[in-house]
Amino acid sequence: MDWDRVIERNQAALIRIVAMLIAMVERGTGSMVVLLPPSLHREVSRMLLPVESAVRRLIAIAARGLKVKPTPVRPMPKGLVFAGKGGGQFSFQLFDTRQRFSRTHPRRAATTVIPRIHIFADSPLVPLFQPRQPVESPIPEPDETVAVIDANRLGRRLAAVRMALENLPQQARRLARWKARRIKMEKPAFLSPLRPGPPPGHRKEPIEEIDFVLRRCHALARDALYDDTS
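Residues numbered from 1 in each chain as written. Predicted model: local features only at pLDDT ≥ 70, side-chain atom pairs only at ≥ 80, totals over all residues. Heavy atoms only, no water.

## Considerations on the environment of Phe92
Working step 1: Within the element layout of this structure, Phe92 appears in the loop between helix 2 (38-62) and helix 3 (143-146).
Working step 2: Sequence separation between Phe92 and Ala160 is 68 residues, and the spatial gap between their C-alpha atoms is 5.2 Å. (Helix = DSSP H or I, 4+ residues; strand = E, 2+ residues; numbered from the N terminus.)

## Some remarks on the confidence of the model for the protein
Working step 1: For the protein, per-residue confidence averages 79 on the pLDDT scale, and 65% of positions sit at 70 or higher.
Working step 2: The lowest-confidence element of the protein is helix 3, averaging 45 in pLDDT; the highest-confidence one is helix 2, averaging 93.
Working step 3: Note that pLDDT drops below 50 for residues 80-84; the model gives that stretch 1 contact with residues more than four away or on any other chain. (pLDDT = per-residue confidence, 0-100. Contact = heavy atoms within 4.5 Å.)

## Some words on the nonpolar core
Working step 1: With 46 residues, the main nonpolar core has Leu14, Val51, Val55, Ile59 and Val213 as its most contacted residues.
Working step 2: Contributing elements (two or more residues each) for this core: helix 1 (3-29), helix 2, helix 4 (152-166), helix 5 (168-184) and helix 6 (209-229).
Working step 3: For Val55, the contacting residues outside a window of four places in its chain are Leu14, Phe92, Val161, Ala164 and Leu165. (Core = buried A, V, L, I, M, F, W, Y, C linked by side-chain atoms within 4.5 Å. Buried < 20%, exposed > 50% of the residue type's maximum accessible area, 1.4 Å probe, protein only.)

## Section: the pattern of salt bridges
Working step 1: Evaluation of the coordinates by the stated rule reveals 7 salt bridges.
Working step 2: Here Arg56 makes a salt bridge to Asp96, at a shortest N to O gap of 2.8 Å. Of this pair, Arg56 sits in helix 2 while Asp96 sits in the loop between helix 2 and helix 3, and the two are 40 residues apart along the sequence. Asp96 matches Arg56 in its accessibility class, with the two residues each being buried.
Working step 3: Asp96 serves as the salt-bridge partner of Arg57, at 2.6 Å between the closest nitrogen and oxygen. Remark: Asp96 occurs in the loop between helix 2 and helix 3 and Arg57 occurs in helix 2; sequence separation between them is 39 residues.
Working step 4: Its relative accessible area of 0% is what places Arg57 among the buried residues.
Working step 5: Judged by relative accessible area, which is 0%, Asp96 ranks as buried. (Salt bridge = Lys/Arg side-chain N within 4 Å of Asp/Glu carboxyl O.)

So this is what it looks like as structure tokens:
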């Protein structure tokens, strides 16, 4: 298989989709780090999840056959702290977030049941029945004026995925080093960057272009990882 052609074709498609998402954000707000209307935030977030999954699988394809030495883990110097909250450098997450299948829920404390006593008799102690008056609900305003959502995190995700696509060989080396470190661990939680089952953002019936790109990248990444371990 011509892996270079596969990477080039899917990389071009993903760059085009990411550029469209960034244009949607900038057209709705005028900048990248802003407050977004909830409807636009939901739409961009819905499309960004399968984009991230497809880019993650494209990186796995690009890292096929790479051999690198794991970088030594160095402890953080004492007294060093991170400044700000998520405002510094960002990097693209190379592995899928694992699903939790535990169905155990903490038990709720039993509430004390107080018996209800009804008295059906003429007595001044029995309150007269008064029907509840209907409450007039306010007329909902358009979605764009009701509330806005802080889109800083969404903007960082878009910037990270764009950076990963523009520096695919660098991300492939990152993934190769990540895998080398995991192999040397005593009991790693997982070794594959791809989680079992369908990828995040998978849709059973593909509708949009990103659905087809994700399905294609997922199948090719599984083949590439299988060739790496065989």
